[in-house]
Amino acid sequence: MSERARVLIVDDHPVVRRGLRTMLEGESWVAEVMEAASCAEAVAAVAHGQVTVVAMDIALPDGDGVQATGQILRHRPEIRVLMLTMADEEELVARALRIGARGYLLKDTDPDLVVDALRTVAGGGLVLGPGIGVAGLGRAQPTAAASLPPPFDRLTPRERDILGHLAAGEDNAQIARRFGLSTKTIRNQVSAILGKLGVSDRVQAALLARNAGICATTKTSYQ
């Protein structure tokens, strides 16, 4: 990130908000931490202040955090939202990502990992935490090319494998280390993948990959 982030914590439990605030205020990448206890307060905070990234609960007193996320992103699409909730239903995960959230974590995730996830999302990355119905991506075998529907049949074997790791929430640097390639090379290949799939960002590509059964696998040798 070129600038320090302004973080908005949306949760109706003061202990949760203050605990996360305490951790974030000690981070060098954070410029300011704000709080909201409801959907209405979250939307107002975004409308009247500078916000980079939002930690958004789903079960809020006046509504649904996913709907609030959609409302925020319709007006401020540059804001990045990380869902931070106790709800682990796969449909909620898919719905949140479809509406534009950049990540999904459960509240029982280690606090340090929550802070890291917020930093990743603030920087434009995608975070899908363990225990939310997508952990099996990392253990599954890749789908055979012959069985892939369009447009996935346009991807090379390496591109399919990179897409699987992208869908598992890995950033370009992590994928580059897996393949022994430079981050620039992976960035270029991710751009090529997005172009072939006809999507504009990593979240959309990850959703398509998950629906098609394209999963992360260990590093593969390619000719």
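Since we're looking at a predicted model, the values are computed, not measured.

Participant: Got a minute to help me understand the layout of surface pockets in this structure?
Facilitator: Where empty space is left in the structure can be found by rolling a water-sized probe over the atoms. Estimates place the volume of the second largest pocket at around 210 Å³. Along its surface, the second largest pocket is lined by 15 residues, and Leu 73, Pro 77, Gly 100, Arg 102 and Asp 201 are the ones closest to its centre. Elements supplying a minimum of two residues to the lining of the second largest pocket: helix 4 (90–99) and helix 9 (202–212). Of the residues contributing to the lining of the second largest pocket, the split by class is eight nonpolar, two polar and five charged.

Participant: Looking at this structure, how should I read the sheet that holds strand 7 (residues 103–106)?
Facilitator: The pairing of strands in a sheet comes from backbone hydrogen bonds and takes either a parallel or an antiparallel form. Here we have six strands laid out as an open sheet, ordered 2-1-3-6-7-8, and parallel in their pairing. With partners counted over all chains shown, the strands left at the sheet margins are strand 2 (30–36) and strand 8 (127–128), one partner each. In this structure, strand 3 (residues 53–56) lies alongside strand 6 (residues 80–85), joined through four bridges in parallel fashion. Residue pairing across strands places Val 53 opposite Arg 80, the latter belonging to strand 6. Across the sheet, helix 4 is in contact with strand 6, strand 7 and strand 8; its angle to strand 7 comes to roughly 145°.

Participant: Where do I start with the packing of helix 2 (residues 39–48) against helix 3 (residues 65–75) in this structure?
Facilitator: Each pair of packed helices can be described by the angle between their axes along with the distance between the axes. It is the contact of helix 2 with helix 3, at a shortest axis distance of 10 Å, that shows an interaxial angle of 20°. By the criterion of interaxial angle, the relationship of helix 2 to helix 3 is roughly parallel. Pair helix 2 / helix 3 crosses with right-handed handedness. Residue-level contacts link Cys 39, Ala 42, Val 43 and Val 46 of helix 2 to Gly 65, Ala 68, Gln 71 and Ile 72 of helix 3. Class assignment for the residues of the contact of helix 2 with helix 3 results in six nonpolar, two polar and no charged.

Participant: Whenever I open this one, the packing of helix 7 (residues 172–179) against helix 8 (residues 183–197) confuses me. Can you help?
Facilitator: Taken N-terminus to C-terminus, the directions of helix 7 and helix 8 make an angle of 110°; their axes are 8 Å apart at the nearest point. In terms of orientation, helix 7 lies roughly perpendicular with respect to helix 8. Contact residues: Asn 172, Ala 173, Ile 175 and Ala 176 in helix 7; Thr 183, Ile 186, Arg 187 and Val 190 in helix 8. Its residues assigned to classes, the contact of helix 7 with helix 8 shows five nonpolar, two polar and one charged.

Participant: In this structure, what is going on with the nonpolar core? I would like to understand it.
Facilitator: Within soluble globular proteins, side chains that are nonpolar tend to cluster in buried spots. Among the nonpolar cores identified, the biggest contains 50 residues, and Leu 8, Met 56, Met 83, Tyr 104 and Leu 163 are the most heavily contacted of them. The next biggest cluster of nonpolar side chains, apart from the first, holds 20 residues, and it includes Val 30, Leu 105, Ala 117 and Ala 122.

Participant: Would you mind showing me how to read empty space enclosed by the protein here?
Facilitator: Using the criterion set out here, one finds two cavities of 30 Å³ or more in the structure. Put simply, the second largest cavity is a space of about 30 Å³.

Participant: When you look at the side chain of Asn 172 in this model, what are you seeing that I'm missing?
Facilitator: Looking at the secondary structure, you find Asn 172 in helix 7. Here Asn 172 falls in the buried class, since its relative accessible area comes to 16%. Among the polar contacts listed, one links the side chain of Asn 172 to the side chain of Arg 202, at a separation of 2.6 Å.

Participant: What's the story with helix 7 in this structure? I'm lost.
Facilitator: Think of an α-helix as turning once every 3.6 residues; residues three or four places apart then point the same way. Taken residue by residue, helix 7 has Asn 172, Ile 175, Ala 176 and Phe 179 as its buried positions. The buried residues of helix 7 all sit within an arc of 105° when viewed along its axis, so they share a single face. The opening residue of helix 7, the one whose side-chain oxygen lies 3.2 Å from the backbone nitrogen of Ala 173, is Asp 171. Backbone geometry just after helix 7 places Gly 180 at a positive phi near 70°.

Participant: How should the pattern of salt bridges be read in this particular structure?
Facilitator: When the charged atoms of two side chains with opposite charge come close together, those side chains can pair. Under the definition given, this model contains 11 salt bridges. Note that Arg 95 is salt-bridged to Asp 64, the shortest N-O span being 2.6 Å. Separated by 31 residues along the polypeptide, Arg 95 in helix 4 and Asp 64 in strand 5 (residues 63–64) bring together distant segments of the chain. Looking at Asp 64, the relative accessible area reads 18%, which means it is buried. The residue Glu 170 makes a salt bridge to Arg 178 at a minimum N-O spacing of 2.8 Å. Accessibility expressed as a relative area gives 36% for Arg 178, which makes it partly exposed. Within the structure, one salt-bridge network assembled from shared partners comprises Arg 17, Arg 21, Glu 25 and Glu 35.

So, how was this worked out
- Residues numbered from 1 in each chain as written.
- Predicted model: local features only at pLDDT ≥ 70, side-chain atom pairs only at ≥ 80, totals over all residues.
- Heavy atoms only, no water.
- 1 Å grid on protein atoms, 1.4 Å probe; cavity = no way out; pocket = protein on both sides within 12 Å on 5 of 7 lines; lining within 4 Å.
- Points joined across faces, edges and corners; volume = space filled by probe spheres on them.
- Helix = DSSP H or I, 4+ residues; strand = E, 2+ residues; numbered from the N terminus.
- Nonpolar A, V, L, I, M, F, W, Y, C, P; charged D, E, K, R; others polar.
- Pairing = 2+ DSSP bridges.
- Contact = heavy atoms within 4.5 Å.
- Axes fitted to C-alpha atoms, helices over the stretch in contact; angles between N-to-C directions.
- Parallel < 35°, antiparallel > 145°, perpendicular 65-115°, else oblique.
- Left-handed = near helix turned anticlockwise from the far one by under 90°.
- Core = buried A, V, L, I, M, F, W, Y, C linked by side-chain atoms within 4.5 Å.
- Buried < 20%, exposed > 50% of the residue type's maximum accessible area, 1.4 Å probe, protein only.
- Polar contact = N/O pair within 3.5 Å; in protein donor to acceptor, adjacent residues only side chain to side chain.
- Arc of directions from axis to C-beta.
- Salt bridge = Lys/Arg side-chain N within 4 Å of Asp/Glu carboxyl O.

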